[in-house]
Amino acid sequence: MANNQIRKDLNKILNIKSEVSRSRPVKGLIKKEAFCKFLENYKYANDRTLMLKQDFQVDFVHYEEVFVLAIEALIEVAFNKKQKQLIEWWLYEKWNTGNIDEVLQIQHTETGEELPTDTPEQLWNLLQELK
């Protein structure tokens, strides 16, 4: 009954057809999405900084250093030591081999199997195993 009234009020105020749901997204999914968005944006910013330095000899490293330190401090607060090391590897080493066709991969120490880490989602899944 209350849902119907809320829906009617929203439809009237916003002049749209809507549905009301009481379910909320799972907390873990919200964290995963935020983490993936962060990684994609941070990697883009880092790549852009490196490209400006390499292609145009414009060095923003000293300007951006304070932001990088702040972000790294937040990573340290949110993740344990092994997770932090893996995130830093993904951001700073995996993609920066010097060869555009080469990307670093990691292998499981016991099985020798290559662990998927090409996307932020795959990295998130691996980080969950390191809790």
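Anything mentioned here points back to the structure above.
Here we summarise the structure given alongside this text. No experiment lies behind these values; they were computed from the predicted model shown. (Residues numbered from 1 in each chain as written. Predicted model: local features only at pLDDT ≥ 70, side-chain atom pairs only at ≥ 80, totals over all residues. Heavy atoms only, no water.)

Our focus in this paragraph is the overall build of the protein chain. Looking only at helices and strands, the protein chain has 5 helices and 2 strands in total. Going residue by residue from the N terminus, the α and β elements of the protein chain occur as α-α-α-α-β-β-α. Per-residue burial for the protein chain yields a buried fraction of 21% across its 131 residues. Counting only contacts in the protein chain whose residues sit at least 6 apart along the sequence, the fraction spanning at least 24 positions is 51%. Accessible surface, the protein chain: about 10300 Å² in total, of which carbon and sulfur atoms supply 56%. (Helix = DSSP H or I, 4+ residues; strand = E, 2+ residues; numbered from the N terminus. Buried < 20%, exposed > 50% of the residue type's maximum accessible area, 1.4 Å probe, protein only. Contact = heavy atoms within 4.5 Å. Areas by Shrake-Rupley, 256 points an atom, 1.4 Å probe, with all protein chains shown as cover.)

A separate point is the side chain of Thr 49. The topology assignment puts Thr 49 in helix 2 (residues 27-56). When sequence neighbours within four positions are dropped, the list of residues in contact with Thr 49 reads Val 61 and Glu 64.

Within the secondary structure layout, Lys 84 lies in helix 4 (residues 81-92). Overall, Lys 84 belongs to the buried group, its relative accessible area being 19%. With near-sequence residues (within four places) excluded, Lys 84 lies in contact with Glu 72, Ile 75, Glu 76 and Phe 79.

Despite not being glycine, Gln 57 shows a phi value in the positive range, around 55°. Considering the arrangement of structural elements, one finds Gln 57 in the loop between helix 2 and helix 3 (61-78). Look at Gln 57 and you get exposed, because its relative accessible area is 62%.

Moving on to the nonpolar core. In this structure, Phe 35, Leu 39, Phe 79, Ile 87, Leu 123 and Leu 127 are the most contacted members of the largest nonpolar core, which totals 15 residues. Among the secondary structure elements, those contributing two or more residues to this core are helix 2, helix 4 and helix 5 (120-129). Broken down by element, the residue count for this core peaks at 5 residues, all from helix 4. The contact partners of Leu 39, leaving out residues within four places of it in the chain, are Ile 87, Trp 90, Leu 91, Pro 120 and Leu 123. (Core = buried A, V, L, I, M, F, W, Y, C linked by side-chain atoms within 4.5 Å.)

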